[in-house]
Amino acid sequence: MIHEAIRFIEGHTALRPAVGVVLGSGLGAFGDVLAERVDIPYHEIPGWPPSTAVGHAGKLILGNLGDAGVAVMAGRAHLYEGYSPAQVTYGVRVLGLLGVKAMVFTNAAGGINLDLQRGGLVLISDHINLQGCSPLAGPNDDALGPRFPDMSEAYSHRFRGVAKQVAAELCVPVSEGVYAAMLGPNYETPAEIRFLRTIGADVVGMSTVPEVIVANHMGIQVLGISCVTNMAAGILQQKINHEEVLETGAMVRDTLVRFLKALVPRLVV
Ligand code: HPA
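Conventions we followed
- Residues numbered from 1 in each chain as written.
- Predicted model: local features only at pLDDT ≥ 70, side-chain atom pairs only at ≥ 80, totals over all residues.
- Heavy atoms only, no water.
- Near = heavy atom within 4 Å.
- Polar contact = N/O pair within 3.5 Å; in protein donor to acceptor, adjacent residues only side chain to side chain.
- Areas by Shrake-Rupley, 256 points an atom, 1.4 Å probe, with all protein chains shown as cover.
- Core = buried A, V, L, I, M, F, W, Y, C linked by side-chain atoms within 4.5 Å.
- Buried < 20%, exposed > 50% of the residue type's maximum accessible area, 1.4 Å probe, protein only.
- Contact = heavy atoms within 4.5 Å.
- Helix = DSSP H or I, 4+ residues; strand = E, 2+ residues; numbered from the N terminus.
- Arc of directions from axis to C-beta.
- Patch = residues over 30% accessible without salt bridge, like charges linked within 9 Å, V, L, I, M, F, W, Y side chains within 5 Å.
- Salt bridge = Lys/Arg side-chain N within 4 Å of Asp/Glu carboxyl O.

Visitor: Would you mind going over the site of the ligand with me for this structure?
Guide: The full set of residues close to the ligand is A108, A109, G110, Y187, E188, V204, G205, M206, T229, N230 and V245. One nitrogen or oxygen atom from the main chain of A108 is found 3.3 Å from a nitrogen atom belonging to the ligand. Side-chain polar atom of N230 to a nitrogen atom of the ligand: 2.6 Å apart, as the coordinates give it. Computed on the free molecule, the ligand has an accessible area of 260 Å², of which 96% lies beneath the protein chains in the complex.

Visitor: What's the story with the nonpolar core in this structure? I'm lost.
Guide: Where a protein is soluble and globular, its nonpolar side chains tend to be buried together. Formed by 42 residues in total, the largest nonpolar core has its most connected members in L60 and V94. Beyond its immediate sequence surroundings of up to four residues, L60 is in contact with I9, V38, D39, I40, Y42, I45, W48, A71, V72, M73 and L95. Membership of the second largest hydrophobic core comes to 34 residues, among which are L27, A74, A102 and V166.

Visitor: Even after reading the chapter, I still don't get helix α1 (residues 2-12), so can you show me in this structure?
Guide: Given 3.6 residues per turn, any residue in an α-helix points the same way as the ones three and four places further on. Of all the residues in α1, the buried ones are I2, A5, I6 and I9. Down the axis of α1, the sector holding all buried residues measures 100°, keeping them to one side. Exposed residues on α1 whose side chains face more than 90 degrees from its buried face are R7 and G11.

Visitor: Would you mind showing me how to read a nonpolar patch on the surface here?
Guide: Taken together, the side chains of L130, F195 and I199 define a hydrophobic patch exposed on the protein surface, amounting to about 240 Å² of accessible area. Structurally, the position occupied by I199 is in the loop between α5 (190-198) and β8 (203-205). Classification of I199 by relative accessible area gives partly exposed; the value is 35%.

Written out as structure tokens, the structure reads:
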């Protein structure tokens, strides 16, 4: 199936992407900046799981940004939608087989670290997988990657350095932190957030980690960017709702687009 997807995409465009970008909830606007772009709705690509989450566009966009061929996934599949770990990471496998060597994963996240603020951008330095599964469980395809991949630098140190440099040039404030991945779709309880803070998490979300594991498996270098769409449960005297998450995504969208536009061409490896 995956090779049909590759053939299908290669039949739609001569562009061979070097960098992949995944856009999270409410963050789908970066695809518009690509030149000579080709949009392919997910439902047309063999084997690609359709995105059901509100705020996700559901298409693959291929185009150029400066000298870089870029593939943008506007919308992703989540475990909480009922998709299997293999389905959630299908897009990363496809982009890896298309030749992508670097990937940027963006997501909406709750801020656990009290120094964070709603609307802030966090460069992910590491993650804690609390989703109860790995996309690598089951037989290993040695052609894709090793049985026991190393995860000691799951998020490229060099890419974080480049991202900090670009952020400084553009006067975009960024911080750095550890991302904890929960299954969702419910938000956390205040007790869970206190637990996550104790074990060293700075932000919490419901995506990204399976994709980052698969990217590492394939030797793809990773940059992760969380947008703090809300403070996590129990920090403020208010409830968390998906509308707030989307609203904050819309607030930071332009900044994130500006940031990615300058950053992505510098991640060609
Ligand atoms: N928790 C989990 N995932 C999220 C949150 C949150 O508070 N905000 C956005 N995605």
